[in-house]
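Structural overview for review
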Amino acid sequence: MGILIKDLETAIRDAFPIIHLEIEDTSSGCGENYSVLIVSPAFEGKTTLARHRLVNEALKKEIAIMHAFSQRALTPAQYEVQKADKQ
Amino acid sequence: MSAVHVVESAEHFKSLLSADLTRVSLINFWAPWANPCVQMNIFVEKLSKKYPQALVLQVEADEQADIAESFDVEAVPTFLILQGHTLLQRISGADAKKLTESMERFVKPTPLVDPLSSTEKLPAGDLQAPADEAEKEKLNARLKVLMEQDMVMLFMKGTPDAPRCGFSRKIVNLLRDQDVKYSSFDILSDESVRSGLKVYNDWPTFPQLIVKGEFVGGLDVVQEMVDSGEFKQLVGR
């Protein structure tokens, strides 16, 4: 019945060097729909599409047992800019 | 005793599937008012006995509308072959031949003799691609033409006036907020375009946005590109 949030977190941390990570279960605790924000230097120099494909590939098994998956993939520099904009 | 499970609710459906996510399942969406369904139900009963290792579920589409909707089932009968939550094959209509072929292909047959070797892997190649090269070429040529129909092409579920899924609705709103002119194609209206594009663009879901004939991404990618300013640059506004 979906995937546990801690298993998803482990999978992400195993796949990418993580500066910042946010995972939200958008299926009200059912573990079926997730929305993630991944901030990693692994995304440097890659187009948005390339980053998303990278994440889709790395988390293929996890995504296969979800109903919906939503992602944002930022470099550390981009994340700092977005944080500053919010303040 | 019947090997076909009659699904009573969404929870029942989920628990049957989740019991074994490596198992291949056949879902039969039917309705009592459609004659072909009554025939096909008997056929499916036979299939369930022939392939005891597959989970065979019978879903009355009107009664279990939320299950039907989650798989975009628009007409009956519709047959889905899943492995876990992954859709392997969709068969629209009472196509007994195609259904049998698909079961043969995806469900590992119970060996009558000891095999010298065996594999858990599915056959190599695209799951939904047409069998021969000429057909594949024709499909790809058609997809290319569709993708180049307008400078910005959106392949979505439903239409901009009536989106049929949350992600498609969101991308329509996004494009409207960005004041982008585009044409759209309803992938629910054409199964070969729907499955063909997933292979052609190497992207498993819809919506898909195409700019100047090139695949750009789905909702998330487009949203990020809007946030970063990349999108404005791409559509030249």
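Above this note sits the structure.
This one's a predicted model, so the numbers in the text were calculated from it and none came from an experiment.

Our focus in this paragraph is the packing of helix α2 (residues 35–50) of chain B against helix α4 (residues 96–106) of chain B. Residue and element names in this part refer to chain B. Running from N to C, α2 and α4 cross one another at 20°; their axes reach a closest spacing of 12 Å. It follows from the interaxial angle that α2 and α4 lie roughly parallel. The handedness of the crossing between α2 and α4 comes out as right-handed. In contact with M40, F43, V44, L47 and K50 of α2, α4 contributes A96, L99, T100, M103 and E104. Its residues placed into classes, the contact of α2 with α4 shows seven nonpolar, one polar and two charged.

Residues and elements named next belong to chain B. Between its terminal C-alpha atoms helix α5 (residues 133–147) stretches 21 Å, which fits the 21 Å expected from 15 residues at 1.5 Å a residue. All of the buried residues along α5 are L139, L143, L146 and M147. Each buried residue of α5 sits inside an arc of 90° when the element is viewed along its axis, so together they form one side. Seen from the buried face of α5, the exposed residues on the opposite side, beyond 90 degrees, are E133, A134, E137, K138 and V145. Of the surrounding elements, those touching the buried residues of α5 are β6 (152–156), β9 (183–186), α7 (191–200), β10 (208–211) and β11 (214–217).

Another aspect to go through is the nonpolar core. Residues F155, V193, L209, V222 and F231 of chain B are the most contacted members of the largest nonpolar core, which totals 34 residues. Those elements that place two or more of their residues in this core are α5, β6, α6 (166–177), α7, β10, β11, α8 (219–228) and α9 (230–235) of chain B.

Each partner contributes to the interface: chain A provides 18 residues, whereas chain B provides 17 residues. Across the interface of chain A and chain B, roughly 1600 Å² is buried in total on both sides, 53% from carbon and sulfur atoms. Linking chain A to chain B there are one salt bridge. Between R53 of chain A and D202 of chain B there is a salt bridge; the shortest N-O distance is 3.8 Å. Seen at the junction of chain A and chain B, the total is seven residue pairs in polar contact (both at pLDDT 80 or more).

Another aspect to go through is a negative patch on the surface. Residue and element names in this part refer to chain B. Where like charges cluster on the molecular surface, the negative patch consists of D132, E133, E135 and E137. Looking at the element boundaries, E133 is found in helix α5. By relative accessible area, E133 is classed as exposed at 54%.

Relative to strand β5 (residues 86–92) of chain B, strand β4 (residues 78–83) of chain B runs antiparallel, the two being bridged by six bridges. By the bridge assignment for β5 of chain B, F79 of chain B is matched with I91 of chain B.

With that settled, the discussion passes to the sheet that holds strand β3 (residues 55–60) of chain B. Residue and element names in this part refer to chain B. The five strands lie next to each other as β1-β3-β2-β4-β5, forming an open sheet whose pairing is mixed. The outermost strands of the open sheet, each flanked by one partner alone, are β1 (4–6) and β5. For this sheet the average axis-to-axis angle between neighbouring strands, irrespective of direction, equals 25°. One ladder, built from six bridges, connects strand β2 (residues 24–30) with β4; its direction is antiparallel. Paired with S25 across the two strands is L82, which belongs to β4.

A few words on the sheet that holds strand β1 (residues 20–25) of chain A. All names here are of chain A. Read from one edge to the other, the open sheet built from three strands follows the order β1-β2-β3, with strand pairing classed as mixed. Every other strand in the sheet has two partners, leaving β1 and β3 (68–74) as the edge strands with one partner each. Each strand of the sheet is rotated relative to its neighbour by a mean of 10°, with strand direction disregarded. Here six bridges tie β1 to strand β2 (residues 33–39), and the two strands are oriented antiparallel to one another. Following the sheet pairing, D25 is matched in β2 by Y34. Here helix α1 (residues 5–15) sits on the sheet in contact with β1 and β2, set at roughly 150° to β1. Sitting on the sheet, helix α2 (residues 48–58) is in contact with β2 and β3, with an inclination near 130° to β3.

About the criteria used
One numbering rule holds for all chains: residues counted from 1, following each sequence as written. Here chains are named by letter from A upward and ligands by number from 1 upward, in the order in which they appear as written. Two thresholds apply to this predicted model, a pLDDT of at least 70 for residue-level local features and 80 or more for giving and counting side-chain atom pairs, whereas whole-chain, interface and lining totals are computed over all residues. To obtain the side-chain values, all non-hydrogen atoms of the structure were used and water was disregarded. Axis definition: a line fit to C-alpha positions, over the contact stretch in the case of helices; interaxial angles, taken between N-to-C directions, run 0 to 180 degrees. Helix and strand assignments follow DSSP, with helices taken as H or I runs no shorter than four residues and strands as E runs no shorter than two, numbered in order from the N terminus. Orientation labels follow simple angle bins: below 35 degrees gives roughly parallel, above 145 gives roughly antiparallel, 65 to 115 gives roughly perpendicular, and whatever is left gives oblique. Handedness of each helix crossing follows the sense of rotation of the near helix against the far helix: counterclockwise by less than a right angle gives left-handed, clockwise gives right-handed. Working rule for contacts: check all heavy atoms of both residues, and any pair within 4.5 Å makes them a contact. Basically, the charged four are Asp, Glu, Lys and Arg, the nonpolar ten are Ala, Val, Leu, Ile, Met, Phe, Trp, Tyr, Cys and Pro, and anything else, Gly included, counts as polar. To estimate the expected span of a helix, subtract one from its residue number and multiply by 1.5 Å. With a 1.4 Å probe rolled over the protein chains alone, any residue whose accessible area is under 20% of its type maximum counts as buried; one over 50% counts as exposed, and the rest are partly exposed. Here the arc refers to the set of directions running from the helix axis out to each C-beta atom. Definition of nonpolar core: a set of buried residues of the types Ala, Val, Leu, Ile, Met, Phe, Trp, Tyr and Cys, connected through side-chain atoms within 4.5 Å. The term buried area refers to how much accessible surface (probe radius 1.4 Å) is lost by two components on association, counted for both of them together. Criterion for a salt bridge: a side-chain nitrogen of Lys or Arg within 4 Å of a carboxyl oxygen of Asp or Glu. Pairs of N or O atoms are called polar contacts if they sit within 3.5 Å, as long as, within protein, a hydrogen donor faces a hydrogen acceptor (for residues adjacent in sequence, only side-chain-to-side-chain pairs). Without a salt bridge and with relative accessible area above 30%, a residue can belong to a patch; like charges are then joined within 9 Å and nonpolar side chains (Val, Leu, Ile, Met, Phe, Trp, Tyr) within 5 Å. Shrake-Rupley sampling with a 1.4 Å probe provides the accessible areas, and residues are treated as covered by the protein chains on show and by no other component. His is not counted here, nor are the chain ends, while Lys and Arg score as positive and Asp and Glu score as negative. Charged groups are reduced to one reference atom each: NZ for lysine, CZ for arginine, CG for aspartic acid, CD for glutamic acid. Two strands qualify as a pair provided that DSSP identifies no fewer than 2 bridges between them.

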